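Architecture and fold: a report
Residues per chain are reported as follows:
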Amino acid sequence: MSQLKILTIIGARPQIIKSVALSRAIRNKFSDQLKELVVHTGQHYDDNMSDVFFTELEISKPKYNLNVGSGGHGKQTAMMIDAIEEILFIENPNCVVVYGDTNSTLAGALAASKIHIPVIHIEAGLRSYNKSMPEEINRIMCDHVSTLLFSPTKAGFNNLIKEGFKENNKPPYSIDNPKVFHCGDVMFDNSIHFSLIAEETTTILKDNSLEADKYILATIHRNNNTDDAVRLNTLFNAINKIAKKNEIKVVIPLHPRTAKLLPQNLSSSLYTEIKTSKYFRIIDPVSFLEMIALEKNAQLIITDSGGVQKEAFIFKKPCIILRPETEWIELVESGAAIIADADEQNIINAYNTFLTKKDIMFPNTFGDGKASEFICSEIIKLIN
Ligand code: UD1
Ligand code: UDP
């Protein structure tokens, strides 16, 4: 049988990491049947937001890098669509694979669907039901032009059914007769695969004088938190109060978006206090293996990231969510995560709750660690 050509679109940090799981499955189990070709939009471009993952996770460099870089939604997405379409005409793949909910996801889905190349959406069906998030618009648009939709959770699958996708569509699948799956999460596959390697190979705790269970890990990068000075001040105030009262260190690998806005949007007194605090370790973005090591050893995680919320759960750490809602509702329903939004008292109360709460439940939510293999076998069925 000849190899089928799949073209994978990545661009932002979490997509580069997610794509590793499928690439690994193709390399190990499906290399006779699938040939993958990767296009990087260049949405993320700093070494520590992009290159580090290719080197560390041993994945081959993309065949194309569109070098689109940063910009407004319209310009950034339009530049991606234009360049992706050109590549699709050159490469003529059997299908296009996109991940998650970024502008790179949307661009890939629109470019491919308009020229009748089937779109495979991995991480389909997630909804915040908050369309002020750019990601919510990207998700909905992408799902509705996809042919195969792989949802990591039952809640995501149910969201698709509520939007009119049919549970029992029969092949041949197409954009007008799509197939929805609940198949587990490729990031669960990755977390299992890299968990031990991360602890054995990284020195991030030692480098930052951190001891297991004696620090909080925090990440903040959502546009509504970084760009709104009131929210950003509230978040850092709350974390600073928790650190001082409990004499606990806080490590924050800072997203470049936040790094640029922190000096501008934090009050000068809070900014100075945090910069000079003996509790805070504000560091550059770390590699994925370093991030896993930080997650696995943290006392607790505070974040507005989708991926970090989920990894907190996978590594059995309580999580405080700095958003008004989450797409990963199972984490909150199990009691392992609390939605605190940008509310100082909610954040402090959530921390105190987790300090005293024993036997937090982390039920198996993200599959059996073989989601990527399942996805590969369904792609093969689709295009054979
Ligand atoms: C994007 C995604 C978001 C995802 C996040 C993952 C969209 C709409 N948003 O948000 O869903 O959670 O990636 O991290 O697609 N920057 C750099 N260097 C880089 C990349 C970005 O300095 O390598 C700075 C630039 O100032 C840029 C800003 O970060 O303007 C925002 O980058 P952008 O990719 O537009 O959005 P993110 O906030 O990263
Ligand atoms: N991550 C990383 N280094 C960091 C911060 C995050 O490798 O300094 C990883 C994290 O483990 C997760 C992914 O990046 O797998 C999450 O990406 P991000 O928070 O940027 O985006 P989101 O998931 O919110 O879209």
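Relevant structure appears above.
No experiment lies behind these values; they were computed from the predicted model shown.

Criteria and thresholds
- Residues numbered from 1 in each chain as written.
- Chains lettered and ligands numbered in written order.
- Predicted model: local features only at pLDDT ≥ 70, side-chain atom pairs only at ≥ 80, totals over all residues.
- Heavy atoms only, no water.
- Helix = DSSP H or I, 4+ residues; strand = E, 2+ residues; numbered from the N terminus.
- Buried < 20%, exposed > 50% of the residue type's maximum accessible area, 1.4 Å probe, protein only.
- Lys, Arg positive; Asp, Glu negative; His and termini not counted.
- Salt bridge = Lys/Arg side-chain N within 4 Å of Asp/Glu carboxyl O.
- Contact = heavy atoms within 4.5 Å.
- Pairing = 2+ DSSP bridges.
- Axes fitted to C-alpha atoms, helices over the stretch in contact; angles between N-to-C directions.
- Right-handed = clockwise from strand over helix to strand, strands pointing away.
- Near = heavy atom within 4 Å.
- Polar contact = N/O pair within 3.5 Å; in protein donor to acceptor, adjacent residues only side chain to side chain.
- Areas by Shrake-Rupley, 256 points an atom, 1.4 Å probe, with all protein chains shown as cover.

1. Let's talk about the side chain of Glu295
Summarising the element assignment, Glu295 is placed in helix H13 (residues 288-297). It is Arg13 that comes nearest to the buried, bridge-free Glu295 among opposite-charge side chains, at 9.5 Å. If we skip the residues at most four places from it in the chain, Glu295 touches Leu217, Ile301, Val308, Glu311, Phe315 and Lys317.

2. Quick look at the sheet that holds strand S4 (residues 95-99)
Hydrogen bonds between backbone groups are what pair the strands of a sheet, and the pairing can be parallel or antiparallel. Read from one edge of the open sheet, seven strands run S3-S2-S1-S4-S5-S6-S7, paired in parallel fashion. A single partner strand is all that each edge strand has here, and the edge strands are strand S3 (64-65) and strand S7 (179-182). Those strands touched by helix H3 (residues 73-91) are strand S1 (4-10), strand S2 (34-40), S3 and S4, and its axis lies near 165 degrees from that of S1. Across the sheet, helix H17 (residues 371-383) is in contact with S1, S2, S4, strand S5 (119-122), strand S6 (148-151) and S7; its angle to S6 comes to roughly 170 degrees.

3. Description of the pairing of S7
Strand direction decides the pairing type here: S6 and S7, joined by four bridges, are parallel. Residue pairing across strands places Leu149 opposite Val180, the latter belonging to S7. With helix H6 (residues 154-162) bridging S6 and the parallel S7, this β-α-β connection has right-handed handedness.

4. Focus: the pairing of strand S9 (residues 249-253)
The element S9 is largely enclosed, with a buried count of four among its five residues. Pairing geometry for strand S8 (residues 215-219) and S9, over three bridges, is parallel. In the strand pairing of S9, Leu217 is matched with Val251. Two strands pair when backbone bridges link them, and S9 and strand S10 (residues 280-283) are joined in this way by four bridges, in the parallel orientation. Opposite Val250, over in S10, you have Phe280 as the bridge partner.

5. Quick look at the site of ligand 1
Ligand 1 sits among 20 residues. The nearest are His44, Glu135, His221, Arg257 and Lys260. With respect to ligand 1, the backbone of Asn103 contributes an N or O atom lying 2.9 Å from an oxygen atom. The separation between an oxygen atom of ligand 1 and a polar side-chain atom of His221 is 2.8 Å. For ligand 1, whose free accessible area comes to 740 Å², the fraction covered by protein is 89%. Where the shell around ligand 1 is concerned, the elements lending two or more residues are H3 and helix H11 (256-265). Broken down by element, the residue count for the shell around ligand 1 peaks at three residues, all from H11.

6. Points about the pattern of salt bridges
On inspection of all chains with the given rule, the structure shows 22 salt bridges. With a shortest N-O distance of 2.8 Å, Lys244 and Glu273 are connected by a salt bridge. Here the residue Lys244 occupies a position in helix H10 (residues 229-246), and Glu273 occupies one in helix H12 (residues 268-276), the gap between them amounting to 29 residues. Judged by relative accessible area, Lys244 falls into the partly exposed class, the value being 42%. A salt bridge links Glu327 to Arg323, with the shortest nitrogen-to-oxygen separation between them at 2.6 Å. Assessed through its relative accessible area of 5%, Glu327 is described here as buried.

7. Looking at the environment of Arg257
Note that Arg257 resides in helix H11. In the structure, Arg257 is positioned 17 residues away from Ile274 in sequence and 18 Å away in space, judged by C-alpha atoms. Ignoring any residue separated from it by four or fewer positions in sequence, one finds Arg257 in contact with His221, Asn223, Thr226 and Asp227.

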